[in-house]
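Each chain is listed here by its residues.
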Amino acid sequence: ATPLEKPPTRKMPGTYAMFLEDDNVCLQHAAQFCVHLLHFPSVATHLSNLLRYTERFYHPSNGGNWSNGLAKFLLEFVNLFTKRIYKEGKPSCKKETNARVSTETSENILTILQPIIYMGMYAKGAALGQAA
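Residues numbered from 1 in each chain as written. Predicted model: local features only at pLDDT ≥ 70, side-chain atom pairs only at ≥ 80, totals over all residues. Heavy atoms only, no water.

Trainee: What is the right way to look at the packing of helix α3 (residues 41-54) against helix α5 (residues 103-121) in this model?
Mentor: Contact geometry of α3 with α5 gives a least axis separation of 10 Å together with a crossing angle of 10°. Looking at the two axes, α3 sits roughly parallel to α5. Contacts from A44, L47, S48, L51 and R52 of α3 reach α5 at T105, N108, I109, I112, L113 and I116. (Axes fitted to C-alpha atoms, helices over the stretch in contact; angles between N-to-C directions. Helix = DSSP H or I, 4+ residues; strand = E, 2+ residues; numbered from the N terminus. Parallel < 35°, antiparallel > 145°, perpendicular 65-115°, else oblique. Contact = heavy atoms within 4.5 Å.)

What follows is the structure, encoded as structure tokens:
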């Protein structure tokens, strides 16, 4: 009889690996990138899809290695999004209107974020609960 060989390990693709790294600086940059490009309708649509697809990973019973990364992304995104909406809402804002986030886009993002944040509040992991 031949000894059983250990199956080859599969590496996580680079796109998903950033959610598992300890140093999640790239997630913070990804959140900044998303917020800066929100005035483009296609970016807002793709971000809405991304948030919908990752919504199940924020569920309280679905914790794992990815929870801290998702928490950092959510925290950074919400903070930057809030700052941008606040700055663009001021009368002294010098941005052109076509470079601002539309009311429709911001309402769409908030509608998607609301259940994610609600589920994150009850997460088992401390990082996700604090981010929410």
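Trainee: For this particular structure, what's the right way to read α3?
Mentor: An α-helix turns once per 3.6 residues; consequently, residues spaced three or four apart project the same way. In this model, α3 (14 residues) spans 20 Å end to end at C-alpha, consistent with the 20 Å of a helix rising 1.5 Å per residue. Taken together, the buried positions of α3 are A44, L47, S48, L51 and T54. Considered in projection along α3, the buried side chains sweep an arc of 140° and stay on one side of the axis. Residues of α3 that are exposed and angled more than 90 degrees away from the buried face: H46 and Y53. Contacts from the buried residues of α3 go to α2 (25-36), α4 (67-89) and α5. (Expected span 1.5 Å × (residues − 1). Buried < 20%, exposed > 50% of the residue type's maximum accessible area, 1.4 Å probe, protein only. Arc of directions from axis to C-beta.)

Trainee: Could you clarify how one ought to interpret the packing of aromatic side chains in this entry?
Mentor: The description of an aromatic ring pair uses the distance of the two centres, along with the angle that the planes make with each other. Inspection of the entire model under this criterion finds two aromatic pairs. Aromatic side chains F73 and F77 sit 6.1 Å apart centroid to centroid with 15° between the ring planes, which places their arrangement in the stacked category. Of this pair, F73 and F77 are both found in helix α4, four residues apart, which corresponds to roughly one turn of the helix. With a centroid separation of 5.7 Å and an interplanar angle of 5°, the aromatic rings of F77 and F81 are classed as stacked. Placement of the pair is F77 and F81 together in helix α4, with a separation of four residues, close to one helical turn. (Phe/Tyr/Trp six-rings, centres within 6.5 Å; stacked < 30°, edge-to-face > 60°.)

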